[in-house]
2 protein chains.
Amino acid sequence: MKASKKKAKSSLPRARRRRLGEFERIACIEQLFSGLTNPFVQIGIGDDAAVIRVPGKRLVWTVDSSVEDVHFKCAWLTETDIGWRSFHAALSDIAAMGATPIGALSALELPKEFDDKRLLRLVGGQAEAARSLNCPIIGGNLASSGKLAVTTTALGSASEKPLVRTGARRGDEVWLIGEIGMAAAGLACLRHPSRVRGLSAIDRCVAAWRRPVALVARGLALVSRASSAIDISDGLVGDVRHIAEASAVAVELDLDVIQELASTELRAVADRFGRSVLEWALYGGEDYALVATGPASKRPRWARRIGRVTGGNDVWGVSRGRERYRLKRGFDHFDS
Amino acid sequence: MKASKKKAKSSLPRARRRRLGEFERIACIEQLFSGLTNPFVQIGIGDDAAVIRVPGKRLVWTVDSSVEDVHFKCAWLTETDIGWRSFHAALSDIAAMGATPIGALSALELPKEFDDKRLLRLVGGQAEAARSLNCPIIGGNLASSGKLAVTTTALGSASEKPLVRTGARRGDEVWLIGEIGMAAAGLACLRHPSRVRGLSAIDRCVAAWRRPVALVARGLALVSRASSAIDISDGLVGDVRHIAEASAVAVELDLDVIQELASTELRAVADRFGRSVLEWALYGGEDYALVATGPASKRPRWARRIGRVTGGNDVWGVSRGRERYRLKRGFDHFDS
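These lines cover the structure that appears in this document, whether it is placed above or below. Bear in mind the structure is a predicted one, so any value in this text is a computation, not a measurement.

**Thoughts on the pairing of strand β7 (residues 173-177) of chain B**
All names here are of chain B. For β7, the tally of buried residues reaches five of five residues, placing the bulk of the element in the interior. The sheet contact formed by β7 and strand β10 (residues 290-294) spans five bridges and is antiparallel. Within the sheet, the bridge partner assigned to Trp175 lies in β10 and is Ala292. Relative to strand β11 (residues 304-310), β7 runs antiparallel, the two sharing four bridges. Residue pairing in the sheet places Glu173 in a bridge with Arg308 of β11.

Shown next as structure tokens:
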């Protein structure tokens, strides 16, 4: 049971019995890849980015894909937006490790009908994003494909101790840096424009989805303060769960505070959809805000306290005058 | 005319007039990305891999995609082969820079119908390839998509002077390391099995296409010997042209020697297709052999002299008793 070889074998028959979930698939892949290492590798699969040790330096390294009709529809974005968005989404992992961007490579899969004008706008959006983060794009690959896909790999230079998921300790606060729920609200507006027609609040929500910003400077500033950090790509609860599991702790989220943090725009859009802002704030992804843990004495003024780390496991919601309750893994029918 | 900004602008209207070729697209992208750099970046777009300078170290970095129905058909390969092949194809760029693999990240795009058994075989093939090159896979990304695509990004550790494309000098020899034409012959066998039925030669040709091997040890050994190097992914003539252009020299290829190097298997398959072995050797890609230039005194015993570097430009063929002639960019109806 303890030998990693045994584990790797036992996961395979399980895979044959039923369809694996995404995280199970990742766990299986991790086991298959886990046998091999070398002196350069400090942290492999399992955090926002891998960590490589070169003399006098730590490098963090990530890869992320944006695929047409999976991550976006071309009708919802200009090509410039697609370039910007895919780049910042990838660099958000560098931010979450508290690292300074070194550079990026861009692998594009282009459909036959994707003409040069569109390509130049796409690449222009990537270049604009690269400038915004001072992260040069220094190579890449072009391939044709049925669907547009942008895969970005980025390297960052980290301190001796990059921000990882494993450091949260009992008694730490949970900090939110940036806004949450806005991108999910923006996506809902793009999917169902008739339901928000005439509403001025949609602009800022849609912009949050179309033009996310990787919080690189904030991530760097967290290095000396936070005990753990992650970027919110899948939704607050899901990503906080990664910290809880990696650090073997429980996290309590203060739902009243999270509700109070909701912007007027988020409230206005949620109202039109008959939704609770909490639903989008807890389970909506793609805002690329950061969530971190750390002692109260070290909380930066731009971080909001939204919960605390306790003993036990799992992610819990607490609210004035109510028992704490286990937060679900996600909404089954999120935005359908 | 000399200012790079002017160049960048002038390329855009051209793009609007007609469809750009792949290399023109890359040149446009290069211009758009060229404005930004930082002290880490030693070599950006334009070689087999980017070169990053960290204290006391040079890193080389590449990304490569294998897309279903573009680079392969699932009927021609097992999933294990797809994993192996995509990994070695990506690592071949690390070999061509004369670097030692540090690690790789794998970004997978998986169609809905791609079940767990197939996924585990694919990942198993990647893991097998990773072991064969001592290059751990230390992270990645999973996304769904319409077609299977495997994007591999790899980092290598290089000496002070990685093998680049720009170093070829007049008087150098041209060296071939590995076999060429075999993968193209193997692909022809897979496409038209009825034409080679019963021929024993097909096994080795098909294996060359399905299971290429990145020549990492050979690349490392070339560092102190070669003046330039590249891996042959697009075909000998096309890849040698990259060296000629980057080094501002002409390359003469000795067609008689190249013809003599053809294996009996390549001859047998070419015979069935009524092809010249030279066609596949010069224009067939995906063998991932290496081609390098260097002084005669430094040629390793495992490198074959197949030509020489001269003044001028372009790539030329020479053959006993014939004038030298300009080699075409590629065969228009290659393997159709």
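Structure shown, so let's carry the discussion forward.
**Details of the sheet that holds strand β13 (residues 325-326) of chain A**
Residue and element names in this part refer to chain A. Read from one edge to the other, the open sheet built from seven strands follows the order β8-β10-β7-β11-β9-β12-β13, with strand pairing classed as mixed. Every interior strand has two partners, whereas the edge strands, β8 (228-231) and β13, have only one. Here helix α3 (residues 79-96) sits on the sheet in contact with β8 and β10 (290-294), set at roughly 175 degrees to β8. Strands in contact with helix α8 (residues 236-247) are β8, β9 (250-254), β10, β11 (304-310) and β12 (315-318); relative to β8, the strand with the most contacts, it is inclined by about 145 degrees.

**Some details on the environment of B:Ala158**
Residue and element names in this part refer to chain B. Looking at where Ala158 falls in the secondary structure, it is placed in strand β6 (residues 149-158). In this structure the C-alpha to C-alpha distance between Ala158 and Ala99, which are 59 residues apart in sequence, comes to 4.4 Å. Apart from residues lying up to four places away in sequence, Ala158 is in contact with Arg58, Val60 and Ala99.

**Topic: the relation of the copies chain B and chain A**
Of the two same-sequence chains, chain B is brought onto chain A (RMSD 0.0 Å, axial shift 0.0 Å) by a rotation of 180 degrees. Taken together, the rotation angle and the small translation identify this as a two-fold axis. When the interface residues of chain B are mapped onto chain A, 100% of them again lie at the interface, so the same face is used by both copies.

**Re the side chain of A:Arg85**
Along the chain, A:Arg85 falls in helix α3. In contact with A:Arg85, other than residues within four places in its own chain, are A:His71, A:Leu77, A:Trp209, A:Arg210, A:Pro212 and A:Glu286.

**Comments concerning the packing of aromatic side chains**
Across all of its chains, the model carries four aromatic pairs over all chains by this definition. An angle of 75 degrees between the planes, with centres 5.9 Å apart, marks the rings of A:Trp76 and A:Trp209 as edge-to-face. With A:Trp76 in the loop between β3 (57-67) and α3 and A:Trp209 in helix α6 (residues 202-210), the pair connects residues that are 133 residues apart, well separated along the chain. Their ring planes at 75 degrees and their centres at 5.9 Å tell us that B:Phe273 and B:Trp280 sit as a pair that is edge-to-face. Of the two residues, B:Phe273 and B:Trp280, neither departs from the other in class, the shared state being buried. Positioned above the aromatic ring of B:Trp209, the side-chain terminus of B:Arg85 is 4.1 Å from the ring centre. Here the guanidinium or amino end of B:Arg324 rests over the ring plane of B:Trp316, the centre of that ring lying 4.0 Å away.

**Looking at the sheet that holds strand β5 (residues 137-144) of chain B**
Residues and elements named next belong to chain B. Read across the open sheet, the six strands follow the order β1-β2-β3-β6-β4-β5; overall the sheet is mixed. Each end of this open sheet is capped by a strand with a single partner; those strands are β1 (41-43) and β5. Averaged over neighbouring strand pairs, the angle between their axes works out to 25 degrees when direction is ignored. Relative to strand β2 (residues 50-54), β1 is paired through two bridges, and the arrangement is antiparallel. Pairing of Ile43 across the sheet is with Val51, part of β2. Strand contacts of helix α3 (residues 79-96): β3 (57-67), β4 (100-110), β5 and β6, with the helix running at about 35 degrees to β6, the strand carrying the most contacts. Helix-sheet contacts for helix α4 (residues 116-132) involve β4, β5 and β6, and the interaxial angle to β4 is about 170 degrees.

**With respect to α3(B)**
All names here are of chain B. End to end, α3 covers 26 Å across 18 residues, agreeing with the expected 26 Å (1.5 Å per residue, within 8%). By the criterion of burial, α3 is predominantly enclosed, with 17 of the 18 residues buried. After α3 finishes, the residue Gly98 shows a positive phi value of roughly 70 degrees.

**Remarks on the environment of B:Ala303**
Residue and element names in this part refer to chain B. Looking at the secondary structure, you find Ala303 in the loop between β10 and β11. A C-alpha to C-alpha distance of 21 Å links Ala303 and Arg211, two positions 92 residues apart in sequence. Residues within four places of Ala303 in sequence aside, it is in contact with Trp175, Leu176 and Ile177.

**Regarding the interface of chain B and chain A**
Interface extent is often summarised as the accessible area lost during association of the parts. Listed per partner, the contact involves 74 residues of chain B and 74 residues of chain A. Of the roughly 6,100 Å² buried between chain B and chain A on both sides combined, carbon and sulfur atoms contribute 72%. Counting the surface chain B buries against chain A, the share from its top three residues, B:Phe33, B:Trp61 and B:Ile138, is 12%. On inspection of chain B and its partner chain A, the count reaches zero salt bridges. At the boundary of chain B and chain A, one finds zero residue pairs in polar contact (both at pLDDT 80 or more). Taken together, the elements giving at least two residues each to the side of chain B that touches chain A come down to α1 (4-17), α2 (22-33), β2, β3, β4, α4, β5 and β6 of chain B. Top element by residues in the side of chain B that touches chain A is α4(B). It accounts for 10 residues.

**With respect to the packing of helix α5 (residues 182-191) of chain A against helix α10 (residues 264-272) of chain A**
All names here are of chain A. Direction vectors running N to C along α5 and α10 enclose 40 degrees, while the axes themselves pass 10 Å from each other. The angle between the axes of α5 and α10 places the two elements in the oblique class. In this structure, α5 crosses over α10, and the sense of that crossing is left-handed. Facing α5, whose interface residues are Met182, Ala185 and Cys189, α10 presents Glu265, Leu266 and Val269. Considered class by class, the residues forming the contact of α5 with α10 number five nonpolar, no polar and one charged.

Cut-offs applied
- Residues numbered from 1 in each chain as written.
- Chains lettered and ligands numbered in written order.
- Predicted model: local features only at pLDDT ≥ 70, side-chain atom pairs only at ≥ 80, totals over all residues.
- Heavy atoms only, no water.
- Buried < 20%, exposed > 50% of the residue type's maximum accessible area, 1.4 Å probe, protein only.
- Helix = DSSP H or I, 4+ residues; strand = E, 2+ residues; numbered from the N terminus.
- Pairing = 2+ DSSP bridges.
- Contact = heavy atoms within 4.5 Å.
- Axes fitted to C-alpha atoms, helices over the stretch in contact; angles between N-to-C directions.
- Least-squares fit on C-alpha atoms with pLDDT ≥ 70 in both.
- Phe/Tyr/Trp six-rings, centres within 6.5 Å; stacked < 30°, edge-to-face > 60°.
- Lys NZ or Arg CZ within 6 Å of the ring centre and 35° of its normal.
- Expected span 1.5 Å × (residues − 1).
- Buried area = accessible area lost by both parts, 1.4 Å probe.
- Salt bridge = Lys/Arg side-chain N within 4 Å of Asp/Glu carboxyl O.
- Polar contact = N/O pair within 3.5 Å; in protein donor to acceptor, adjacent residues only side chain to side chain.
- Parallel < 35°, antiparallel > 145°, perpendicular 65-115°, else oblique.
- Left-handed = near helix turned anticlockwise from the far one by under 90°.
- Nonpolar A, V, L, I, M, F, W, Y, C, P; charged D, E, K, R; others polar.

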